Amino acid sequence: ATTALAPLKLSALGRVEADLVMMDAHDDAMVVHTLRKRFADDLFYTAIGTILVAINPYRYLPLYTPATIQQYLRPGNRQLPPHVYQIAAAAHKSLLLEGKHQAVLISGESGAGKTEATKHCLGFIADIGGSDDGVEAKVLQANPLLEAFGNAKTLRNNNSSRF
């Protein structure tokens, strides 16, 4: 069974959006092209509205500094590029404004960077939550527990070898 490809406007290839919602064409080929082009330009985070797509660069990048935390904590009216801190900041802001518990769902294949994304979200929350009773350390100490959930054997992957 062959699948017909959607027609592609050549002009659409030159415009690479940070938020896929803003693309002219929303087909698989354009999404892959946009993600590939952003990755080639060292832009590893791409938004789809309120969802963040992260492509693991498999190398350390200086994207997680105290200055970056402050940018995403108080963006003002600046349009900041997609970042894992943006997701953590949105959860924090909703917690403060709505007074309701918040959750961040981090999903992906083995090796996709879920643990690193979790560490960065927890680090952001710990950094901005400054307190006198050491809540930052408690938040960061939760990471090994959360990581243990990812080490379970599943139908698709036997990660239990990490133990």
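Here the structure is a predicted model, which means the values were calculated and not measured.

1. Concerning the nonpolar core
A general tendency of soluble globular proteins is for nonpolar side chains to be buried together. Among the nonpolar cores identified, the biggest contains twelve residues, and these are Y45, I69, Y72, L80, V84, Y85, A88, A89, A117, C121, F124 and I128. Contributions of two or more residues to this core are made by α3 (66–73), α4 (84–98) and α5 (114–128). If near-sequence neighbours (up to four positions away) are discounted, Y45 is found in contact with R38, L52, V53, A54, L63, Y64, P82, H83 and V84.

2. Focus on the side chain of T68
Within the secondary structure, T68 sits in helix α3. Among the polar contacts listed, one links the side chain of T68 to the side chain of T65, at a separation of 2.8 Å. Discounting chain neighbours no more than four positions away, the residues touching T68 are L63, H83 and Y85.

3. Re the packing of aromatic side chains
Tallied over the full model, the rule gives three aromatic pairs. When the ring of F39 is compared with that of F44, the centres are 5.1 Å apart and the planes differ by 75°; the resulting orientation is edge-to-face. F44 gets classed as buried once you look at its relative accessible area, which sits at 6%. Note on Y85 and F124: the rings are 5.3 Å apart at their centroids and 35° apart in plane angle, and the pair reads as tilted. You can see Y85 sitting in helix α4 and its partner F124 sitting in helix α5, a full 39 residues away along the chain. Here Y85 and F124 have matching classes, each one buried. Linked through ring pairs, Y64, Y85 and F124 together constitute an aromatic cluster.

4. Regarding the packing of α4 against α5
Two numbers describe how α4 lies on α5: the axes approach to 9 Å, and their chain directions differ by 50°. Put simply, α4 runs oblique to α5. The crossing of α4 and α5 is right-handed. Here α4 contributes V84, Y85, A88, A89 and H92 to the contact with α5, which in turn contributes A117, H120, C121, F124, I125 and I128.

5. Some points on the pairing of strand β1 (residues 45–48)
Relative to strand β2 (residues 51–54), β1 runs antiparallel, the two sharing four bridges. Note that in β2 the partner of A47 across the bridge is L52. Once β1 ends, the chain turns through two residues before running back antiparallel as β2, passing G49 with a positive phi of about 65°.

The rules behind these values
Residues numbered from 1 in each chain as written. Predicted model: local features only at pLDDT ≥ 70, side-chain atom pairs only at ≥ 80, totals over all residues. Heavy atoms only, no water. Core = buried A, V, L, I, M, F, W, Y, C linked by side-chain atoms within 4.5 Å. Buried < 20%, exposed > 50% of the residue type's maximum accessible area, 1.4 Å probe, protein only. Helix = DSSP H or I, 4+ residues; strand = E, 2+ residues; numbered from the N terminus. Contact = heavy atoms within 4.5 Å. Polar contact = N/O pair within 3.5 Å; in protein donor to acceptor, adjacent residues only side chain to side chain. Phe/Tyr/Trp six-rings, centres within 6.5 Å; stacked < 30°, edge-to-face > 60°. Axes fitted to C-alpha atoms, helices over the stretch in contact; angles between N-to-C directions. Parallel < 35°, antiparallel > 145°, perpendicular 65-115°, else oblique. Left-handed = near helix turned anticlockwise from the far one by under 90°. Pairing = 2+ DSSP bridges.

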